[in-house]
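Below are the chains, spelled out letter by letter.
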Amino acid sequence: QVQLVESGGGLVQPGGSLRLSCVASGITISIYDKGWYRQAPGKLRELVARITSDGSTNYADSVKGRFTISTDNAKNTVYLQMNSLKPEDTAVYYCNTKRITSIGSIRDYWGQGTQVTVSS
């Protein structure tokens, strides 16, 4: 059974840093696209960062230059390094893996989410 487990969230002051981790089981994430999403209260879920199997990345404009997505294939883990955090970054952050099946459909796998709160 596929499972993604996020960790690393917490309370941090503006300008601080956090590193989120997402450990996957039941799926080898290295061969799929992976991403971090977030959802703030009253807002829709949004893509924060994404990394493909070949290492290409893209980021939401709001986090460019501050966040970095990376993977450790040996640990089957994806990370999100968040620097220069702002109160606007406060949200529940979710790990995602998109699997393209043999019949061409896309199946999304999601973690349970980890809360990030940026406040003084």
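Sequence order as written defines the numbering, with residues in each chain counted from 1. Owing to the predicted nature of the model, reporting of local features is limited to residues with pLDDT of at least 70; listing and counting of side-chain atom pairs is limited to 80 or more, with chain, interface and lining totals taken over all residues. As a rule here, side-chain values come from all non-hydrogen atoms in the structure, and water together with hydrogens is ignored.

### Points about the pattern of salt bridges
In step 1: Whenever a carboxyl oxygen of Asp or Glu lies within 4 Å of a side-chain nitrogen of Lys or Arg, that contact is scored as a salt bridge. All told, the structure shown has 5 salt bridges when counted by the stated rule.
In step 2: Two residues, Lys64 and Asp61, come together in a salt bridge whose shortest N-O distance is 3.1 Å.
In step 3: On the basis of relative accessibility, which here comes to 65%, the residue Asp61 falls in the exposed class.
In step 4: For Lys98, the salt bridge is made with Asp108, and the minimal N-O distance between the two is 2.7 Å. Type-normalised accessible area, obtained with a 1.4 Å probe on protein chains alone, sets the label of each residue: buried when under 20%, exposed when over 50%, and partly exposed for intermediate values.

### Concerning the side chain of Asn96
In step 1: Helix and strand definitions follow DSSP, with helices as H or I runs of at least four residues and strands as E runs of at least two, each counted in order from the N terminus. Take Asn96: it is sitting in strand 9 (residues 91–100).
In step 2: Since its relative accessible area comes to 0%, Asn96 is described here as buried.
In step 3: We define a polar contact as two N or O atoms separated by no more than 3.5 Å, with the added condition that, inside protein, one atom must be a possible hydrogen donor and the other a possible acceptor, whereas residues neighbouring each other in sequence contribute only through side-chain atom pairs. Here Asp108 takes part through its side chain, which lies 3.0 Å from a polar atom of the side chain of Asn96.
In step 4: The contact definition used throughout considers only heavy atoms, calling two residues in contact when any of these lie within 4.5 Å. Excluding residues within four positions of it along the chain, Asn96 makes contact with Leu4, Asp33, Lys34, Gly35, Tyr37, Arg50, Asp108, Tyr109 and Trp110.

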